[in-house]
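Examining the three-dimensional arrangement
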Amino acid sequence: MEDEKTMKKSEQKRNNIKNYIKRYWQLYALLICPILYFVIFKYGPMYGVIIAFKDFNIFAGIHDSPWIGMEIFKEVFASSEFYRALRNTFLLNLGDLVFSFPAPIILAILLNELISVKVRRITQTILYIPHFLSWVIIAGIMYQIFASKGVINLIINAFGGQSINFLGNNVNWVIVYLLTGIWQSAGYGTIIYLAALTGVNPALYDAAYVDGANRFQRIWHVTLPSIANTITILLVLQLGKIINISFERPYMLGNALVSEVAKVISTYVYQVGLEAGRFSFATAVGLFQSIVGLVMLITVNRIVKKMGQEGVM
Amino acid sequence: MVEEKKRINASEKLFQVVLTMSFIVLSFICIFPFLNVFSISFSSSTAILSGDVTLWPVGWNFEAYERVIGNPGFVRSFFYTVFLTAVYTAIAMIISICAAYPLSRKELKGRNIIMMFIIFTMYFDGGIIPNYLIVRDVGLLDSMWALIIPCMLSAYNLIILRSFFSSIDDSIKEAAYLDGCSEMGILLKIVLPLSVPAIATLSLFYAITRWNGVGDAIFYISDPDKFPLQLKLREIIMMEQISQQEASQGVEQQKTMAESVKAASIIATTVPILLVYPFIQKYFTQGLMLGSVKG
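Analysis parameters
- Residues numbered from 1 in each chain as written.
- Chains lettered and ligands numbered in written order.
- Predicted model: local features only at pLDDT ≥ 70, side-chain atom pairs only at ≥ 80, totals over all residues.
- Heavy atoms only, no water.
- Helix = DSSP H or I, 4+ residues; strand = E, 2+ residues; numbered from the N terminus.
- Buried < 20%, exposed > 50% of the residue type's maximum accessible area, 1.4 Å probe, protein only.
- Contact = heavy atoms within 4.5 Å.
- Phe/Tyr/Trp six-rings, centres within 6.5 Å; stacked < 30°, edge-to-face > 60°.
- Lys NZ or Arg CZ within 6 Å of the ring centre and 35° of its normal.
- Domains from an automatic or database assignment.
- Buried area = accessible area lost by both parts, 1.4 Å probe.
- Polar contact = N/O pair within 3.5 Å; in protein donor to acceptor, adjacent residues only side chain to side chain.
- Nonpolar A, V, L, I, M, F, W, Y, C, P; charged D, E, K, R; others polar.
- Salt bridge = Lys/Arg side-chain N within 4 Å of Asp/Glu carboxyl O.
- 1 Å grid on protein atoms, 1.4 Å probe; cavity = no way out; pocket = protein on both sides within 12 Å on 5 of 7 lines; lining within 4 Å.
- Points joined across faces, edges and corners; volume = space filled by probe spheres on them.
- Axes fitted to C-alpha atoms, helices over the stretch in contact; angles between N-to-C directions.
- Parallel < 35°, antiparallel > 145°, perpendicular 65-115°, else oblique.
- Left-handed = near helix turned anticlockwise from the far one by under 90°.

Once that is clear, we can look at the overall build of chain B. Of regular secondary structure, chain B possesses 13 helices and zero strands. Shown N-terminal to C-terminal, the secondary structure of chain B runs as helices and strands in the order α-α-α-α-α-α-α-α-α-α-α-α-α. Taken across its 295 residues, chain B has 52% of its residues classed as buried. Taking contacts inside chain B between residues at least 6 apart in sequence as the whole, the part at least 24 apart equals 71%.

So, in structure tokens, the structure goes:
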């Protein structure tokens, strides 16, 4: 009797599994390709970072090259070029944080003050364009207008000023780099703030108006508080990414004359690794960046969550 | 009271006028670099040389564009990149759907683990060199596929698409199942037709990423015949001389000609983006909103 019951139960269970598989196997089949993709092209390189601890030989490959422990990291931390790339990465990112970060906030607040939907839409359409251009194009444009005989110098000359060497001087180049960043991202960056602002109850503005608040007070007490959360999250996230820098922007905008300030971790890894062929060394530099970046992001995410926000992870 | 309201309205009007004007100035500054390059591309060498070109072409001519079109390398790279972008977008879209649809179904066992497995790749990356070694080991170096396969799925886009699929009512899927549809049938006949806006948005995202992308081409492609357009453009921008034959024209003029050819190449590379820009406008805010929906 008991036996029969257990047998029936297990048979039912088996049937359930059978039915489940019969109905849903296609979902799992669909996932095969994507999972293979992640395994090979995302987790494969994560395995590949072990060459930072190996004396990598291109013929032996990742697996068969001999282990040498922390030797390469010692070499990396003794390299002044590495510290320079690290410093430049921090400085350029810090510059972006100070100058590029507030730009979309100010723009969004001003756009929010506009009554005419038409003017607003046209402005947005124009300001978003640079975001969709490649860094090759952007660098090409910037090198034309900031050239020694470019239009910016023509304008400076027209007002009686001396031509400025924008692209070959370290400080000026950093300014061009940061300005380009603002130009490229400020318009598009407003989207997220404008989205937060569409959720604001118009009654709040009316109430502030009735209470006699002037424009500045309305912005300060109604507009800003409604995007404060978004600002905090984005700010903290950007702080978490301060060691991460894209390859394309510094590579395309940089040139040999300003490598003292333009060489950052990503371009340094490319140069040392793929151009000079020091694979293990370059991998170690990249791994250092990835790990510090991950730790910072986790820390920052904790902070965001402590502030009562949702966080990103 | 009425008097006061009138005054406020007048001041509000003035403010709106000032604000609108500031935005006109700002928009002008925003497209000014572009206008300048555009003007240089249509201007004569002498005008560029004497510094007359700012906002409008001086000495209209199409010589620079004739050079660009007459450059077989550039033209071939242009069409090659159009082809590459089309193939990439199709493949990336198919594989994104393959990943996003099962992960949008609550019935899928282990979906949280799979999502964590995918999301982790957004926060930790092997780095340039290990990526290069994988692409090399798989045998993709110097092939068109090196610009397709290693980047054919973006975890970010996957999450957007997944949350869109999740927003489709489950009862429709259940009804289709009871009508004898398989899971594949539900995807093809019910879910995809309802997801056209999301698919259009993501296709645009993918296409623009591929059209503009150049980092991976620098790492993986060394054969100039297989350069995507952005890399070709960079080659032209970095080039000091147009060709040996022009040495007779004198160094200075030749340099200026190079400037207008560079400008024309930049414009030619940007035009496709500007052509799809109205569609981007239509879809991308929508797409960004999709992303903010937590699934």
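Further notes follow.
Moving on, we come to the packing of aromatic side chains. This structure, assessed with the given rule, holds 40 aromatic pairs over all chains. With 5.8 Å between their ring centres and 80 degrees between their planes, F78 of chain B and W211 of chain B make a pair best called edge-to-face. You can see F78 of chain B sitting in helix α4 (residues 72-104) and its partner W211 of chain B sitting in helix α10 (residues 196-212), a full 133 residues away along the chain. Residue F78 of chain B is classed as partly exposed on the basis of its relative accessible area of 21%. Owing to a relative accessible area of 6%, W211 of chain B belongs among the buried residues under this scheme. Taken together, the ring pairs in this structure connect F56, F247, Y251, Y270 and F279 of chain A together with Y132, F219 and Y220 of chain B into an aromatic cluster. K54 of chain A extends its terminal NZ or CZ atom over the ring of W67 of chain A, reaching a point 4.7 Å from the ring centre.

Okay, the environment of A186 of chain A next. All names here are of chain A. Secondary-structure assignment places A186 in helix α9 (residues 170-198). Given the relative accessible area of 7%, A186 is considered buried. Sequence separation of A186 and I105 is 81 residues, and the distance between their C-alpha atoms is 8.4 Å. Residue contacts for A186: discarding those within four places in its chain leaves A103, P104, L107 and G181.

Right, let's talk about unusual backbone geometry for a bit. Residue and element names in this part refer to chain B. Even without being glycine, D142 reaches a positive phi, approximately 65 degrees. Positionally, D142 belongs in the loop between α6 (128-137) and α7 (155-166). Residue class for D142 comes out partly exposed when judged on its relative accessible area of 24%.

To continue, consider the domain arrangement of chain A. Residue and element names in this part refer to chain A. Assigned domains of chain A: these are domain 1 (2-56) and domain 2 (71-306). Each of domain 1 and domain 2 has a C-alpha centre, and the two are 41 Å apart. Facing eight residues of domain 1, the contacting portion of domain 2 comprises seven residues. Interface of domain 1 and domain 2: buried area, both sides summed, is about 560 Å²; carbon and sulfur atoms make up 77% of it.

What follows covers the domain arrangement of chain B. Residue and element names in this part refer to chain B. Once the domains are mapped, chain B shows domain 1 (1-61) and domain 2 (73-295). Across the contact, nine residues belong to domain 1 and 12 residues belong to domain 2. Here domain 1 packs against domain 2, burying approximately 840 Å² in sum over the two surfaces, 84% of which is carbon and sulfur. Taken together, the links from domain 1 to domain 2 amount to zero residue pairs in polar contact (both at pLDDT 80 or more). Here the side of domain 1 that touches domain 2 takes five residues from helix α1 (residues 2-42), the largest share from any one element. Here the residues of the side of domain 1 that touches domain 2 sort into six nonpolar, three polar and no charged.

Another point: the pattern of salt bridges. One pass over the structure, following the stated rule, counts 19 salt bridges over all chains. E107 of chain B serves as the salt-bridge partner of R105 of chain B, at 3.2 Å between the closest nitrogen and oxygen. Look at the salt bridges and you will find they share partners, linking R23 of chain A together with R105, E107, E174 and E183 of chain B into a network.

This part covers empty space enclosed by the protein. Residues and elements named next belong to chain B. Summed over all chains, the structure comprises one cavity of 30 Å³ or more. Here the largest cavity defines a volume of roughly 40 Å³. Every residue lining the largest cavity is listed: G73, R76, S77, P224, D225, F227 and K232. No other element matches the three residues that α4 contributes to the lining of the largest cavity.

What follows covers the packing of helix α5 (residues 102-113) of chain A against α9 of chain A. All names here are of chain A. Remark: α5 packs on α9, axes separated minimally by 7 Å, with the N-to-C direction vectors making an angle of 55 degrees. One element, α5, and the other, α9, form an angle in the oblique class. Note that α5 runs across α9; the crossing there is right-handed. Note on element contacts: α9 touches α5 through I182, A186, G187, G189, T190, Y193, L194 and L197, opposite A103, P104, I105, L107, A108, L111 and N112.

Now for the interface of chain B and chain A. On the side of chain A, 83 residues touch chain B, which itself brings 91 residues to the contact. Summed over both partners, the interface of chain B with chain A comes to about 8,100 Å²; 75% of that surface belongs to carbon and sulfur atoms. Three residues, F23, Y123 and F124 of chain B, lead the burial of chain B against chain A; their summed loss comes to 9% of the area buried on that side. For the pair chain B and chain A, the interface holds three salt bridges. With its nearest N and O atoms 3.7 Å apart, the salt bridge here joins R23 of chain A to E183 of chain B.

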